[in-house]
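# Residue-level structure breakdown
Residues per chain are reported as follows:
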Amino acid sequence: AALLVGWAAVQWEVQDQSDNYVVEQFGREVLSLMPPNALFLTMTDLVTNSLRYLQVCHHYRQDVFVADQNLMSALWFVEGQAHNFP
């Protein structure tokens, strides 16, 4: 246990990503380019999750509807989104 704690203490500075905002900046840039009330179709977890993080946690560009095309074939997703597109 002591060895693990020692290793963690030495590696903390190298592994600490708390000041890394690359994904957040990417998401903000993508959403800032969208027109109001846009439908944005995505295909990857990086894009989908970075945009949803900003919308849910930072309340940024909640007018843009982000839909992952890979999820659109899942019945649970289609049923869950039906109220957004009657």
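About the criteria used
Residues numbered from 1 in each chain as written. Predicted model: local features only at pLDDT ≥ 70, side-chain atom pairs only at ≥ 80, totals over all residues. Heavy atoms only, no water. Patch = residues over 30% accessible without salt bridge, like charges linked within 9 Å, V, L, I, M, F, W, Y side chains within 5 Å. Areas by Shrake-Rupley, 256 points an atom, 1.4 Å probe, with all protein chains shown as cover. Salt bridge = Lys/Arg side-chain N within 4 Å of Asp/Glu carboxyl O. Helix = DSSP H or I, 4+ residues; strand = E, 2+ residues; numbered from the N terminus. Buried < 20%, exposed > 50% of the residue type's maximum accessible area, 1.4 Å probe, protein only. Polar contact = N/O pair within 3.5 Å; in protein donor to acceptor, adjacent residues only side chain to side chain. Contact = heavy atoms within 4.5 Å.

Right, let's talk about a nonpolar patch on the surface for a bit. A grouping of V23, F26 and L46 is seen on the molecular surface, where their side chains present a nonpolar patch of about 260 Å² in accessible area. Take L46: it is sitting in helix α3 (residues 45-57). According to the relative accessible area criterion, L46 is exposed, its value standing at 51%.

This part takes up unusual backbone geometry. One non-glycine residue, N37, lies in positive phi territory at about 60°. Assignment of secondary structure puts N37 in the loop between α2 (22-32) and β1 (39-42). Positive phi, close to 55°, is recorded for H59, a residue that is not glycine. The topology assignment puts H59 in the loop between α3 and β2 (65-68).

What follows is about the side chain of Q55. By the element assignment, Q55 lies in helix α3. The exposure class assigned to Q55 is buried, which follows from its relative accessible area of 9%. A distance of 2.8 Å separates a polar side-chain atom of Q55 from the backbone oxygen of R61. Beyond its immediate stretch of four places on either side in the chain, Q55 contacts L31, Y60, R61, Q62, V64 and V66.

What follows covers the pattern of salt bridges. Evaluated as defined, the whole model comprises two salt bridges. Two residues, E24 and R28, come together in a salt bridge whose shortest N-O distance is 3.4 Å. With E24 and R28 both in helix α2 and four residues apart, this pair spans about one turn of that helix. Here R28 falls in the partly exposed class, since its relative accessible area comes to 29%. Where D63 meets R61, a salt bridge forms, and the shortest distance between an N and an O atom there is 2.9 Å.

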